[in-house]
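# Chain and residue survey
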Amino acid sequence: MSGTSRHLRALAGCVVAALAGLLLIGTGLHLSGAGWHIARCLSGAESPFDAAVLPVGYPGVGTIPSLPETAVTQIRAVPGVADAVPVQGGEVGLVGFGTLVPLEAVAVDLALLSSSGVEGDVPRSASEAVLDRRTADQLHLEVGETIMVHGNGADRAFEITGVTESRGNPAYDVRGTLGVLPMSAADLVGSLETEVVHVRADGDVDPGELRNRLQATLGGEYDVLTHAEMLSTGDVTTETLPPVLGVVGSLLVVGAALTAYMGRQTTTTTSLLMATTVLSVTATAAVIVASAGVEISTPTILAVAGTTALAALAAMALRPKIVSHIG
């Protein structure tokens, strides 16, 4: 086998390994929800809320627990709370799938919905609604379709104008979520109950610190979670699989870069693989953090990317000496 043939085979192997690694990392980003966090950080957008206050026992299988009317007043009195927005709704059912598919109809806050991400449009009329991504995927429903919802003793038709980007947390979202305007929610449910209160922190208060303050003040009748904890999967398989995919993917990319680095590949090829290594390590760190239910921040992303980039640049600058010393 000629030297040129071996060179090309090695290059092809490096490229295939790097692409396979990036595919695994991309899958981990998707499953963990880290991609949403990264997009939010890079765009400068804020989390739609910092913490959520739920009644103990939420979500409940037979009925959805609700918060007392005094809860919002109590929450707003906690130091560090900038705002508290109650999420009101109740139980309804989706008609046309053999049996009623249980849904939670909520009166959507348009600002919250827009900031949390939605494919399509937010509801603008009484006959429009948004659906959560998991329910839409499971029932093969798409934007533009019409669904029939049973609630308060009657059936009502809604056009799906949007699908929320977040798949939610199965531990807290045992039902699908139907987001409608407040007047439609009242018609569907009858008496709206406060199921969750979304809380925004003052600018100098960390979400974790806010959660601790709320929990200490409200006591054991309430559960308090940060936004990141609300989005974390709550399922062992889906908590562990994304980090595993990310780590294996990064190992493939790093292995491809090292092979090119120590081999006789061109400087351009090696540099591209080293740059890909920076991206893969940063993405894998985001997958691990998101899977653990920790809020991803822009400084964290920049710190990981910067450290890895400096290491890659140093390795490229020292490449001739290292290669000559080893070989």
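Residues numbered from 1 in each chain as written. Predicted model: local features only at pLDDT ≥ 70, side-chain atom pairs only at ≥ 80, totals over all residues. Heavy atoms only, no water.

Backbone geometry at His-140 places phi at a positive 55°, although glycine is not the residue there. When you line up the elements, His-140 lands in the loop between helix H5 (133–138) and strand S6 (146–151). Phi at Asn-152 takes a positive value of approximately 60°, unusual for a residue other than glycine. Position of Asn-152 among the secondary structure elements: in the loop between S6 and strand S7 (154–164). Taking relative accessible area as the criterion, Asn-152 reaches 54% and is therefore assigned exposed. (Helix = DSSP H or I, 4+ residues; strand = E, 2+ residues; numbered from the N terminus. Buried < 20%, exposed > 50% of the residue type's maximum accessible area, 1.4 Å probe, protein only.)

For the rest of this paragraph, the subject is the confidence of the model for the protein. Mean pLDDT over the protein works out to 83, with 87% of the residues at or above the 70 mark. Highest mean pLDDT in the protein belongs to S6 (92); lowest belongs to helix H4 (residues 110–116) (60). (pLDDT = per-residue confidence, 0-100.)

Scanning the entire structure with this criterion turns up 5 salt bridges. Residues Asp-50 and Arg-200 are paired through a salt bridge, measuring 3.9 Å at the closest nitrogen-oxygen approach. Residue Asp-50 is located in the loop between helix H2 (34–43) and strand S1 (51–55), and its partner Arg-200 is located in strand S9 (residues 193–201); the two are separated by 150 residues in the primary sequence. Here Arg-133 ties to Asp-137 by a salt bridge, and the two come within 3.6 Å at their closest N and O atoms. In this pair, Arg-133 and Asp-137 both sit in helix H5, 4 residues apart, roughly one turn of the helix. On the accessibility criterion, Arg-133 (18% relative accessible area) is buried. Residues participating in the shared-partner salt-bridge network are Glu-119, Arg-133 and Asp-137. (Salt bridge = Lys/Arg side-chain N within 4 Å of Asp/Glu carboxyl O.)

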